[in-house]
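Close look at the chain arrangement
The chain contents come next:
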2 protein chains.
Amino acid sequence: MKRIEVIQNIMEANQTIAGRNQKLLNRHKIAAINIMSSPGSGKTSLILQTMARLKGRLNIGIIEGDVASTVDAEKVQSEAKAVVQINTRNMPESCSLMAAMIEPALQEMPLNDIDLILIENVGNLICPSEFVLGEHKRVVISSLPEGDDKPTKYPLIFMDADSVIVNKIDLLPYLDFDITAFLTSVSGLNPKAKIFQVSCKTGEGLDRWCSWLLEQVSESATER
Amino acid sequence: MKRIEVIQNIMEANQTIAGRNQKLLNRHKIAAINIMSSPGSGKTSLILQTMARLKGRLNIGIIEGDVASTVDAEKVQSEAKAVVQINTRNMPESCSLMAAMIEPALQEMPLNDIDLILIENVGNLICPSEFVLGEHKRVVISSLPEGDDKPTKYPLIFMDADSVIVNKIDLLPYLDFDITAFLTSVSGLNPKAKIFQVSCKTGEGLDRWCSWLLEQVSESATER
């Protein structure tokens, strides 16, 4: 089928460009993290809380992926070393960032002055699982109000993740969310994923997450 | 660009098949509703609550769209006249139902015995906005924990909706959700959308929603 061929070509091209992006990041000893989730799971809140906690310790660059609007980029502007907004609405793929969108974004950033780039992907549990961007680690956020069946229903994105963040843990008393069932599903799909239970509202669990990020940065600074 | 052409061909083919689906539905005087939302906004819960309220008054068929798993189809099985599961994982488009997936699903249903078909789309606020299925009305659910900025960030799906359901209204006391800002965004994009504020947990607002559904069914029974 013609579409399948086109998709294969796009995937191959994406892989090539992602490789170039990663080389560029490695040359500058920058760690890059691709943050993926459904709409409203807390990607922007996590970025804001992370920047507040790592202030003065790391220079952080942000790439904001959105179908439309610049509301998230505006929110993170004041604390970041650099922010680049990507709007996917009129691009060939609107439901995910792709490596070819990241390449020009990196050109706009002062790479010599950055330690860590957080990439906020488009809010979507399906498409972003198909495209690597050149990132060093892939993180998926799942928030309690979405329900404990999300790993079962959207397995690919959980299978590929280096880390799974369970957000809005402060809402547990008000929801029917079976945390054991959720964690069992995740470890069934991906036993190696590092799991963080957090609340971006109360701050619970965020120190452990930030320590993990600092490990990624120090790996990029030494090994790559 | 080659991909753009392929996409245009797919959209045209989708439109043609959607037209066929709608003719078939009209011949059987069935109303079909396409229910779209992010993962975990409450599509399945809404369907379950709707079936409980309309029990004995309508025969309801359900089409369940999921990337993977049959957990939703199993939940709705006992109350529906017929349930067809569509798993999109290995289909050319995994992030949305398409008209070509609905066509064989309709063939599996006892159309003479059905008044209303509820189609649960794949959990996604982007892709489903691009594909009509043959439905009579398009409904988007947005739940409070997702935040009040969703219409601004995912405008297309709200612009096209005949109805917008604001779900999980029972969580309002525990969240920073500005309902006025949300409603203003929706009416800015789509002043004609019928809005229902509901809780599928407490039942609040669901009678109005069911009355609206009954209107759609009676329109299909008489006019089409």
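The paragraphs below set out a description of the structure included in this document. (Residues numbered from 1 in each chain as written. Chains lettered and ligands numbered in written order. Predicted model: local features only at pLDDT ≥ 70, side-chain atom pairs only at ≥ 80, totals over all residues. Heavy atoms only, no water.)

1. Examining the packing of helix 2 (residues 43–54) of chain A against helix 8 (residues 206–222) of chain A
Residue and element names in this part refer to chain A. As a reminder, the rule being used: Note on geometry: axes are C-alpha line fits, over the in-contact stretch for helices, and angles between N-to-C directions span 0 to 180 degrees. Numbering of helices and strands runs from the N terminus, with a helix taken as a DSSP run of H or I at least four residues long and a strand as a DSSP run of E at least two residues long. Just so you know how the angles are binned, under 35 degrees is roughly parallel, over 145 roughly antiparallel, 65 to 115 roughly perpendicular, and the rest oblique. For this analysis, residues touch if any pair of their heavy atoms sits within 4.5 Å. Polar here means any residue outside two lists: the nonpolar Ala, Val, Leu, Ile, Met, Phe, Trp, Tyr, Cys and Pro, and the charged Asp, Glu, Lys and Arg; Gly therefore counts as polar.
At a minimum axis separation of 10 Å, helix 2 and helix 8 run at an interaxial angle of 75 degrees. Judged by the inter-axis angle, helix 2 sits roughly perpendicular to helix 8. Of the residues in helix 8, those touching helix 2 at Leu-46, Gln-49, Thr-50, Arg-53 and Leu-54 are Leu-206, Asp-207, Trp-209, Cys-210, Leu-213 and Leu-214. A breakdown of the residues in the contact of helix 2 with helix 8 according to their chemical character gives seven nonpolar, two polar and two charged.

2. A look at the pairing of strand 1 (residues 31–37) of chain B
Residues and elements named next belong to chain B. Keep this limit in mind: Throughout this description, buried means an accessible area under 20% of the type-specific maximum (1.4 Å probe, protein chains only), exposed means over 50%, and partly exposed covers the range between. Strand pairing is defined by DSSP finding a minimum of two bridges between the two strands.
Burial of strand 1 is extensive: seven of the seven residues sit out of reach of the surface. Along strand 1, one buried face is formed by Ala-31, Ile-33, Ile-35 and Ser-37 and the opposite face, lined by Ala-32, Asn-34 and Met-36, is buried too. In this structure, strand 1 lies alongside strand 4 (residues 116–120), joined through five bridges in parallel fashion. For Ile-35, the partnering residue across the bridge sits in strand 4 and is Glu-120. In terms of strand pairing, strand 1 meets strand 5 (residues 137–143) through five bridges, oriented parallel. Among the inter-strand pairings, Ser-37 is bridged to a residue of strand 5, identified as Ile-141.

3. Quick notes on the relation of the copies chain A and chain B
Let me state the cut-off plainly: Least-squares superposition of the copies uses the C-alpha atoms of those residues scoring a pLDDT of at least 70 in each of them.
Note on the copies: chain A fits chain B at an RMSD of 0.0 Å, the axial shift is 0.0 Å, and the rotation between them is 180 degrees. The transformation relating the two chain copies, once decomposed into turn and shift, fits a two-fold axis. By residue overlap, the copies meet face to face through one surface: 100% of the interface positions of chain A are interface positions in chain B.

4. Brief notes about the sheet that holds strand 6 (residues 163–167) of chain A
All names here are of chain A. The sheet built from seven strands is open, its strands ordered 3-2-4-1-5-6-7 with parallel pairing. Looking at which strands have only one partner, the edges of the open sheet turn out to be strand 3 (82–87) and strand 7 (194–197). The average angle at which neighbouring strand axes cross in this sheet is 20 degrees, direction not considered. With five bridges joining them, strand 2 (residues 60–66) and strand 4 (residues 116–120) adopt parallel strand pairing. Of the residues in strand 4, the one forming a bridge with Ile-60 is Leu-116. Sheet contacts for helix 4 (residues 99–107): strand 2, strand 3 and strand 4; angle to strand 3, the most-contacted strand, approximately 150 degrees.

5. Considerations on the nonpolar core
Here is the rule: Joining through side-chain atoms within 4.5 Å is the link that ties buried Ala, Val, Leu, Ile, Met, Phe, Trp, Tyr and Cys residues into a set, and such a set is a nonpolar core.
Counting residues in hydrophobic clusters, the biggest one holds 46 residues, and the most contacted among them are Ile63(A), Ile117(A), Ile63(B) and Ile117(B). Put simply, the parts of the chain that give this core at least two residues each are helix 1 (2–27), strand 3, helix 4 and strand 4 of chain A together with helix 1 (2–27), strand 3 (82–87), helix 4 (99–107) and strand 4 of chain B. In contact with Ile117(A), other than residues within four places in its own chain, are Leu25(A), Ile30(A), Ala31(A), Ala32(A), Ile33(A), Gly61(A), Ile63(A), Leu106(A), Met109(A) and Leu111(A). In terms of nonpolar packing, the next biggest core, distinct from the first, is built from 45 residues, Val166(A), Phe177(A), Ile169(B) and Phe182(B) among them.

6. Some remarks on the sheet that holds strand 4 of chain B
Residue and element names in this part refer to chain B. Across the sheet, which stays open at both edges, the seven strands sit in the order 3-2-4-1-5-6-7 with parallel pairing between neighbours. Each of the sheet's edge strands pairs with one partner strand only, and the pair in question is strand 3 and strand 7 (194–197). Strand-to-strand twist of the sheet, defined as the mean angle between neighbouring strand axes without regard to direction, takes the value 20 degrees. Pairing of strand 2 (residues 60–66) with strand 3 involves six bridges; the strand directions are parallel. Each bridged residue has a counterpart across the sheet, and for Asp-66 the counterpart in strand 3 is Asn-87.

7. Concerning helix 8 (residues 206–222) of chain B
Each turn of an α-helix holds 3.6 residues, which means side chains three or four residues apart point in the same direction. What counts is decided by this rule: Helix span, as expected, comes to 1.5 Å for every residue beyond the first.
Compared with the 24 Å implied by 1.5 Å per residue over 17 residues, the 25 Å span of helix 8 of chain B between its first and last C-alpha is a close match. Lining the buried residues of helix 8 of chain B we find strand 1, helix 2 (43–54), strand 4, strand 5, strand 6 (163–167) and strand 7 of chain B.

8. So, the interface of chain A and chain B
Let me state the cut-off plainly: Buried area adds together the accessible area that both of two parts lose upon being put together, with accessible area traced by a 1.4 Å probe. Whenever a carboxyl oxygen of Asp or Glu lies within 4 Å of a side-chain nitrogen of Lys or Arg, that contact is scored as a salt bridge. Polar contact is defined as a pair of N or O atoms within 3.5 Å, subject to the rule that within protein one atom must be able to donate a hydrogen and the other to accept it, and that residues adjacent in sequence are counted only when both atoms are side-chain atoms.
Counting from both sides, the interface comprises 45 residues of chain A and, opposite them, 45 residues of chain B. In total, about 3,600 Å² of surface goes out of reach between chain A and chain B, with carbon and sulfur atoms giving 59% of it. Applying the counting rule to chain A against chain B returns six salt bridges. A salt bridge links Lys75(A) to Asp149(B); its shortest N-O distance comes to 3.8 Å. For the pair chain A and chain B, the interface holds eleven residue pairs in polar contact (both at pLDDT 80 or more). Elements represented by at least two residues in the side of chain A that touches chain B include exactly helix 1, helix 3 (71–76), helix 5 (150–153) and helix 6 (155–159) of chain A. The biggest single contributor to the side of chain A that touches chain B is helix 1 of chain A, with five residues. Partitioning the side of chain A that touches chain B into residue classes produces 22 nonpolar, seven polar and 16 charged.

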